[in-house]
Amino acid sequence: MVRIIAEAGVNHNGNREMAFELVKVAADAGADAVKFQTFNAERLAALTAPKAKYQQTTTDSFETQLAMLKKLELPTAWHAELQQYATDLGVTFISTAFDLQSLAFLQTLDLPYYKIPSGEITNGPLLLAFAQTGKELIISTGMATLSEVEQALAIVAFGYAHKAEPESLDQVWRYWSAPGIQASLSGRVSLLHCTSQYPTPMEEVNLKAMGTLANTFGLPVGYSDHTQGLVIPTAAVALGATIIEKHFTLDRTLPGPDHNASLEPGELTELVNNVRSVELALGDGIKKPQPSEWDTRKAARQQVIFSETVAEGEIIQRSALSTARCGRGTSPMTLWDMVGKPAPQAYQKGDVPE
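Helix and strand counts for the protein chain come out as 14 helices and 10 strands. Taken against the 2.2 N^0.38 rule, which gives 20 Å for 354 residues, the C-alpha radius of gyration of the protein chain at 30 Å runs more than 25% over that of a compact globule. Projected onto the principal axes, the alpha-carbon positions of the protein chain cover approximately 100 × 50 × 40 Å. By the burial criterion, 46% of the 354 residues in the protein chain qualify as buried. For the protein chain, the share of sequence-separated contacts (at least 6 apart) that also reach a separation of at least 24 residues comes to 65%. Counting only carbon and sulfur atoms, one obtains 53% of the accessible surface of the protein chain, whose full area is about 17,300 Å². Treating the 28 positive side-chain charges of the protein chain as one cloud and the 39 negative ones as another, the clouds have centres 5 Å apart.

Here we take up the pairing of strand β1 (residues 3-9). Burial of β1 is extensive: 6 of the 7 residues sit out of reach of the surface. Both β1 and strand β8 (residues 243-247) contribute to a ladder of 5 bridges, which runs parallel. Note that in β8 the partner of Arg-3 across the bridge is Ile-243. Judged from the 4 bridges that link them, β1 and strand β2 (residues 33-38) form a sheet pairing that is parallel. Of the residues in β2, the one forming a bridge with Ile-5 is Ala-33. Crossover handedness for the path β1 to helix α1 (residues 16-29) to β2: right-handed.

The next thing to look at is the nonpolar core. The tendency in soluble globular proteins is for nonpolar side chains to be buried as a group. The biggest cluster of nonpolar side chains holds 73 residues, and the ones touching the most others in it are Val-34, Phe-36, Leu-82, Leu-153, Leu-185, Leu-191 and Phe-248. At 9 residues, the largest contribution of residues to this core is made by helix α8 (residues 146-161). Counting 10 residues, the second largest nonpolar core, distinct from the first, contains Val-304, Leu-335, Met-338 and Tyr-347.

With that settled, consider the environment of Leu-153. Relative to the helices and strands, Leu-153 is located in helix α8. A C-alpha to C-alpha distance of 8.9 Å links Leu-153 and Ile-139, two positions 14 residues apart in sequence. Not counting residues up to four positions away in its chain, the partners in contact with Leu-153 are Ile-139, Trp-176, Leu-185, Val-189, Leu-191, Phe-217 and Leu-219.

Glancing now at the sheet that holds strand β5 (residues 136-140). The strand order β3-β2-β1-β8-β7-β6-β5-β4 describes an open sheet built from 8 strands, whose pairing is parallel. In this open sheet, the two strands that pair with only one neighbour each are β3 (92-97) and β4 (113-116). Strand-to-strand, the axes of this sheet are offset by a mean angle of 25°, without reference to chain direction. In this fold helix α11 (residues 231-238) packs onto β7 (221-225) and β8, with an angle of close to 180° to the strand it touches most, β7.

Right, let's talk about the packing of aromatic side chains for a bit. Going through the model one piece at a time under the given rule, you end up with 6 aromatic pairs. With centroids separated by 5.8 Å and ring planes inclined at 85°, the aromatic side chains of Phe-158 and Tyr-175 adopt a geometry described as edge-to-face. Here Tyr-175 lies in helix α9 (residues 169-176) and Phe-158 lies in helix α8, a separation of 17 residues in the sequence. A relative accessible area of 21% places Tyr-175 in the partly exposed class. Just above the ring of Tyr-113 sits the side chain of Arg-3; from NZ or CZ to the centre is 4.6 Å.

What counts as what
- Residues numbered from 1 in each chain as written.
- Predicted model: local features only at pLDDT ≥ 70, side-chain atom pairs only at ≥ 80, totals over all residues.
- Heavy atoms only, no water.
- Helix = DSSP H or I, 4+ residues; strand = E, 2+ residues; numbered from the N terminus.
- Rg over C-alpha atoms; globule rule 2.2 N^0.38 Å.
- Buried < 20%, exposed > 50% of the residue type's maximum accessible area, 1.4 Å probe, protein only.
- Contact = heavy atoms within 4.5 Å.
- Areas by Shrake-Rupley, 256 points an atom, 1.4 Å probe, with all protein chains shown as cover.
- Lys, Arg positive; Asp, Glu negative; His and termini not counted.
- Charge placed at Lys NZ, Arg CZ, Asp CG, Glu CD.
- Pairing = 2+ DSSP bridges.
- Right-handed = clockwise from strand over helix to strand, strands pointing away.
- Core = buried A, V, L, I, M, F, W, Y, C linked by side-chain atoms within 4.5 Å.
- Axes fitted to C-alpha atoms, helices over the stretch in contact; angles between N-to-C directions.
- Phe/Tyr/Trp six-rings, centres within 6.5 Å; stacked < 30°, edge-to-face > 60°.
- Lys NZ or Arg CZ within 6 Å of the ring centre and 35° of its normal.

This is how it looks when you write it as structure tokens:
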């Protein structure tokens, strides 16, 4: 079953009531999980850190990234309450940590799994710490090259098996190269294809990269979507995505960096319904008549019918045979076998041989 993660992210805008309402929207839509972001702005961004271009257009262009992030922090005091509220509503609460201290805090909540954001795929110490929790990991690969994805997986594999930090990256690669280590990530790690642009232009979605990731690493692959609308995440499911992550908001016109590329509540519900319909429609891959087709098969297929009168014992000519929908009788695939043989009985025009 496709796991649908409703990404609340920072769309709470630092407002407690909005954060709780986002949980309710995710639950009402039928999402499997609602995800927030846990970070300390001062640990995450330096005073001189620039904003991305999309952030400059969706927020105050004169505001620093640090100032923007400060307003979007999810207070630690809200986490347990949000988690309990989510549990009460039947949706899983998760949050993404962007620094070691935030990850340590999230561990106190005993989350079922962790999502590693695209921006941290080259953050070796944080990747290692995520793996050392022993939990299932979902790694987003936006902005990454294939070699960077492999490097991240090597560090994660090392972290799953070692409590201490590696002495060098070379030690990580030696461990990764050992027999069976890459296969050991099966069942523990999933990858998300992603384009880290908000919103993502259609020509930069590159859904075929999902197949590249799956074939290269042999791990389940999903899709973290930043396009506008529902088409692309639905298409990703048809291409084999096992996880869909999508930003959502209470109102796309709200101020903030991610609202514009997010779904509104009704759209989130529609996305969940679309995903469930597509995964149901994918079936088991075995080509066979479906239960509802048997009646149609009987009504829609033609059978052999005599187009001329033929006497008993007369040699059947090709001209005496035709096909029509009869609802019974002999398949047209056997028509040629009847030609040139004596008729076992007399047939009138329109008779159907059994």
